[in-house]
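Structural features, examined
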Amino acid sequence: MTKTRLILPGRTNALSNLNRILSGPRYKGSKFFLLVDENSYENCLPVVLSRVTAFENAEFLEVPVGEECKSLEIAAQVWGALLESGADRNTILVCIGGGCVSDLGGLVAAGYKRGIRHINIPTTLIGMVDAAIGGKTAVNLEGSKNQVGFFHMPELVCICPELTDSLPDEELINGLYEVVKTLAVADPEMYYQLITTIESGNVDLSNELITTCAEIKSAVVKQDPNDHGIRHILNFGHTFGHAIEVHSQLRHGEAVGVGMLCAMYLSVKKMGLNMEIYDRYRNALKKLLAPPKYSLKDTEAILALMRQDKKNRDGLILCVLLQEVGVPVIDVAVDENEIRDTLLNISK
Ligand code: GLY
């Protein structure tokens, strides 16, 4: 299995470091194809090209923005374009964009000529701290998210926070929830610092914060690349979150934000998590979004969606809960009445 090298922000710009690596012997003779969407083409590609001269002769492939690009049809079009352009097994696909571009690009790279190398240059916060790292690739099928995919590790992930400069605030906030998630399961000190800044309404997405989350994700993936155990901790807030995302038409991050509230409520009930931690998170969350008010009908609809979760096993709905901040417990079976009770209680 390929090991991923993270290129993190530091004294030297991460893109300049990427350029140094790509100009080395390992990449001699490699042809680069840059996979972009309209947003990354307009807002990020100029920055990337200004720093990475190794991409001077690269070809571009543009795909639709957002989930629309995550289909087998688009994957087939990209495979066709690679073939037509004479891409061989020494070709490197460089995915420049958010999680949708890296999900699609990773799958394309995994399948093309039985697997070519790929590099992720995430341009969203969610990409930098989560989606671009760890080799999960996927497209959607028949309206259902991420149903077809492979594990295919990117060879390099280049994290250059400067690329988020053009992101609208709501997209940064969307990524902030994944930052909270990562710290909640792995770094109590930084978690409480971040909650304090959210409470004050003054969030500073420092390079240190992004780097910490990227390193945590990378370390977890190294221990469990194929997601059989410890990697499940990264799903904190996601069992509720995925269902809430579909039901309440929220952005992924926002839904995970509400999902973490649900998971913390259940953690208080089932794992002895201190109620103050739940209350504090709830107050911080209120600074970012109006917590939804679920009716009995909503709870049944969300429950129905949770029954379909990919992570369920033997008919059980499984959640990641917290004993304490930084002490997650994976695969906790939760019964349907506990889910109903949770959704109604967070709505109070
Ligand atoms: N986003 C969770 C994972 O990559 O495992």
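Keep in mind that this is a model prediction, so the values were computed, not measured.

Rules behind the numbers
- Residues numbered from 1 in each chain as written.
- Predicted model: local features only at pLDDT ≥ 70, side-chain atom pairs only at ≥ 80, totals over all residues.
- Heavy atoms only, no water.
- 1 Å grid on protein atoms, 1.4 Å probe; cavity = no way out; pocket = protein on both sides within 12 Å on 5 of 7 lines; lining within 4 Å.
- Points joined across faces, edges and corners; volume = space filled by probe spheres on them.
- Helix = DSSP H or I, 4+ residues; strand = E, 2+ residues; numbered from the N terminus.
- Nonpolar A, V, L, I, M, F, W, Y, C, P; charged D, E, K, R; others polar.
- Pairing = 2+ DSSP bridges.
- Phe/Tyr/Trp six-rings, centres within 6.5 Å; stacked < 30°, edge-to-face > 60°.
- Buried < 20%, exposed > 50% of the residue type's maximum accessible area, 1.4 Å probe, protein only.

**Describing empty space enclosed by the protein**
All told, the structure shown has one cavity of 30 Å³ or more when counted by the stated rule. Roughly 40 Å³ of internal volume is contained in the largest cavity. Lining the largest cavity are Y177, V180, I195, I198, M260, Y281, A284, L285 and L288. Broken down by element, the residue count for the lining of the largest cavity peaks at four residues, all from helix α12 (residues 275-288). Residue composition of the lining of the largest cavity, grouped by class: nine nonpolar, no polar and no charged.

**A word on the pairing of strand β10 (residues 327-334)**
Taken residue by residue, a regular strand's side chains alternate between the two faces of the sheet. Pairing geometry for strand β9 (residues 317-324) and β10, over six bridges, is antiparallel. What sits directly across from L318, in β10, is A333. If you look at the hairpin formed by β9 and β10, you'll find two residues sitting between the two strands, and G326 has a positive phi there, around 90°.

**Details of the packing of aromatic side chains**
Applying the stated criterion across every chain yields a total of four aromatic pairs. With a centroid separation of 6.3 Å and an interplanar angle of 90°, the aromatic rings of Y41 and F60 are classed as edge-to-face. In this pair, Y41 sits in helix α2 (residues 38-43) while F60 sits in strand β3 (residues 59-63), placing the two residues 19 residues apart along the sequence. Y41 gets classed as partly exposed once you look at its relative accessible area, which sits at 40%.

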